[in-house]
Amino acid sequence: MARTQPDLNTSPHVSDEVRQTTCYMCACRCGINVHLKNGKVAYIEGNRDHPVNRGVLCAKGSAGIMQVNAPSRLRAPLKRVGPRGSGEFEEITWDEALGIATDWLAPIREAAPEKLAFFTGRDQSQSFTSFWAQGFGTPNYAAHGGFCSVNMAAAGIYTMGGAFWEFGQPDWERTKLFMLFGVAEDHDSNPIKMGLGRLKERGAKVIGVNPIRTGYNAIADEWLGITPGTDGLLILALIHELLKAGKIDLDYLAHRTNAPVLLDDDGLFQRDGEGRPLVRDRTTGETVPFDAQNIIPDLRGADTVFTKLIERYLDPQYAPDAVAKRCGIPAQKIKLIAAELARVAFDEAIEIDQPWTDFRGHSYDKMIGRPVSFHSMRGISAHANGFQTCRALHVLQIILGSVEVPGGFRFKPPYPKPATAHPKPHCRVTPGQPLDGPHLGFVHGPEDLCLNDDGTPARIDKAFTWENPMSAHGLMHMVISNAHAGDPYQIDTLFLYMANMSWNSSMNSAGVMDMLTDTDENGDYVIPHIIYSDAYSSEMVAYADLILPDTTYLERHDCISLLDRPICEADAVADAIRWPVIEPDRNVRGFQSVLVDLGARLKLPGFINEDGSAKYKDYADYMTHHIRRPGIGPLAGWREGGDGRGDANPNQIDRYIENGGFWMEHIPNEALYYKPWNKAYQDWAVAKGFYDSVQPYIFQLYVEPMRKFQRAADGHGTRQPPDHLRDQIRQKMDPLPIWYDVNEEDQQGSDEFPIHALTQRPMAMYHSWGTQNAWLRQIHGRNPMYIPTKLWEANGFNTGDWARVTSPHGSITVPVAHMAALNDHTIWTWNAIGKRKGAWALDKDAPEATQGFLLNHIIHELLPPKGDGLRWSNSDPITGQAAWFDLKVKIEKVDAPAEAQPEFPPQKSPVGQGPDKLTWKVGE
Ligand code: SF4
């Protein structure tokens, strides 16, 4: 009997229109196709033509539909009516909100602009927000880098002119051995997943170095469960082994680095009359500028950087046998890895038949590649020795000759860009006037520090001071405690964007809540005004006086600019936009458009015309018409007269939309590798507007500016550190990478607290951004503390048990879970899953609020007292990077409490609690 098959449509049309924009469920900026039905988001898929993700979409990206329908979205501007922290607000109009902000900000701009502290979280418009702050005139601006990964960024720029992630990537198509250091699975999410997929397809080997084996480390061919904070020591041991075996790329070191640069008796570079570092020409024996034409720099001689480097790292203190116990990795394993790096780099070298010419005029008929590459993220960065550890990793890359070569690590335009091509930090305040230059940058000696004439810090976060001279991203994590202490001075208005500082973005969260609500003897708040902008009812909202509600990422214009952190690939330059693929259904405005409006109301230069009228209608207008330098604007594509450089094009955003939301141009073949030294790349970079004149440079194995700080500590020069910081500067600002044991020095590692405690961001949550997301909450609604087998058994834990975890700063009581693939001395949990009751429109009994928890409560921004009368900062002494991962604790099994401890009183939410069920039918 014939059967009739049912007529099923397995791929029904879910949409009547598709709009292409850029994802913002994490910082990777993948291209997405947003399917709309009757004007509402029906479905999100990856854009197959997009350079970042080529159609790949992660769980977060597809869950964007829940982000734009979240009950926790703020709905209107809010004015606080109850005490700070109570969450009691009244809705006001935008006119009233902007009027209040103007009334607070205009007088301080005229009298003392530094009384505004304007800090932003993981926003992607920092070239714009910093421009606004510069126009206002306050020195107190930065984004979140100081508590994220400034060590990695600054070490990369100072050493090579670029770092990992947004600055560069492995040569995924050619690398044969790939090593990851401290990379959690959310870092560089889709791009690295795709890259790892390519490596696996080709049979390349992946080695993961991380105390925790999850995510990328779980699919690594080999996992080294290193003891936290010792990565630098492991890397220096690898360098030691390579030097001992003579497995280093001498040709690369001579031609591409400052290894042949000559040092004087003070440890500074010998220079010519024009200030150019000198080298010895191997052919003539003469001393010549490093960039003289056709020279062959000589590595030999007692006075070269190379000799100093060899002496340093051949020292037996870096031998594998000497470091193995501390690192928790057998000496034999370290030796094997060094041998494998050498074998792949030198025995499996690759060649591309592509002629090129370097900046000294040498022509080559091939590009030679060392197919070994590395990637690292916060795991090695968020330690008080993180800057030097990141520098050590770059030195390892460089001695192998594996940077900017086929198969190695490659920069993404507009990088490479040496520290000398970046601005220096500026801090000179003139009431009623703009700041004297960009806030953030790279110091090249004590003369560049942000100090007042009397030596006091010019910035509220004390960035670019003797405490942390190279704090290239500022210290957002110190702003609230310094403002509360009035040290170095009091401020009037704290203006924050997208930074959940009263919860998961701060150390010492409970202390921060107290500081935000503390009053003086008159009953006035110690921090008088707090303005906050966020799209959601996060924990921080309750602590602000004025809320400027932001849109979601599908309702706004954004500019992912070459002036900022673009979406380039190693083979191509690219930038992108977001645009309102749906209209907001609430009384909210994109934060950047609000800043444009505020800028005009405050009459900030750059935001008004000569007649005082507003220069830009909104952020989209700014993106199109703002000119930063002649021919250079926020977007590089489709400018009048060409891509890269050209006049503003009024139809530019339309062109981006037609092209899927991005612009991309491939780098010419002869410019694809050796970018810092390659004449063809340098010329192309100037044509595209990355810089205005060619600026080839050599990698800085030896960072001379650090030596200048050491000399100041030794009593040289007119600017010298205060006495209590001289030793710190002398020891830590070593121009060649060193390793030091932070736990020994800061007492966090005393016998009482023997266990390391870490957090990692999961693949499916980007900090607290996914908290309100109904789909993602089902993946991570709670977070146990993971315990390694040895500690699990020693403490007699069983499934379902709880533990009290205590640091020098306090205790938390939390559920535990067993995990075998974990360093023996380390416990860890997912970051930012725990929520405060009342926030994010969650039910008060939501698992995030009852079983979820934060490690932040037991990490302090200051170290425990050392008995010297000072409280030292819990941060890297070079950059100020928050040392989240230096935490040491003890654990004990306890009876399960009703809820994770500490508990905080519920907040009243301005958006109330979300419904128990949120359902709708697409298109109806
Ligand atoms: S990795 Fe995922 S969340 Fe991040 S931008 Fe790409 S799709 Fe969006």
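Identification of the protein chain as Molybdopterin-dependent oxidoreductase from Parasulfitobacter algicola is taken from an unreviewed UniProt entry. Word for word, the UniProt comment on the protein chain under Cofactor (unreviewed entry) is "[4Fe-4S] cluster". Per its UniProt entry, the protein chain bears the Subcellular location (unreviewed entry) comment "Cell envelope".

Q: Any chance you could explain the sheet that holds strand E1 (residues 17–22) here in plain terms?
A: Two strands in a sheet stick together by hydrogen bonds in their backbones, pointing the same way (parallel) or opposite ways (antiparallel). The three strands are arranged E1-E2-E3 in an open sheet whose pairing can be described as antiparallel. Pairing within the sheet leaves two strands with one partner each, and these edge strands are E1 and strand E3 (40–46). The sheet shows a mean angle of 30° between the axes of neighbouring strands, direction not considered. Pairing of E1 with strand E2 (residues 31–37) involves six bridges; the strand directions are antiparallel. By the bridge assignment, Gln-20 is partnered in E2 with Asn-33.

Q: Just checking my understanding: could you explain the sheet that holds strand E22 (residues 546–547) for this structure?
A: Read across the open sheet, the seven strands follow the order E5-E4-E22-E21-E20-E6-E7; overall the sheet is mixed. Both edges of this open sheet fall to strand E5 (89–91) and strand E7 (141–142), since each of them pairs with a single strand only. The sheet contact formed by strand E4 (residues 78–80) and E22 spans two bridges and is antiparallel. Its bridge partner lying in E22, Leu-78 is registered against Ile-547.

Q: Just to check I follow, could you spell out helix H11 (residues 320–327) for this structure?
A: Residue pairs three or four apart in sequence face the same way in an α-helix, which turns once every 3.6 residues. Looking at H11, one finds that the buried residues are Pro-320, Val-323 and Cys-327. Seen end-on, H11 carries its buried residues on one side only, within an arc spanning 80°. For H11, the secondary structure elements touched by its buried residues are helix H8 (231–244) and helix H12 (331–347).

Q: Please explain the nonpolar core as it appears in this structure.
A: It is characteristic of soluble globular proteins that their nonpolar side chains tend to be buried jointly. Grouped together as the largest cluster of nonpolar side chains are 286 residues, with contacts concentrated most on Ala-117, Leu-234, Leu-238 and Leu-341. Ala-117 has contacts with Asn-140, Ile-460, Val-479, Ala-483, Ile-491, Leu-494 and Phe-495, leaving out every residue within four places of it along the chain.

Calculation criteria
Residues numbered from 1 in each chain as written. Predicted model: local features only at pLDDT ≥ 70, side-chain atom pairs only at ≥ 80, totals over all residues. UniProt positions renumbered as here; feature names shortened; annotations may be inferred. Pairing = 2+ DSSP bridges. Helix = DSSP H or I, 4+ residues; strand = E, 2+ residues; numbered from the N terminus. Axes fitted to C-alpha atoms, helices over the stretch in contact; angles between N-to-C directions. Buried ≥ 20, exposed ≤ 12 C-beta atoms within 10 Å, placed from the backbone. Arc of directions from axis to C-beta. Contact = placed C-beta atoms within 7 Å. Core = buried A, V, L, I, M, F, W, Y, C linked by C-beta atoms within 7 Å.

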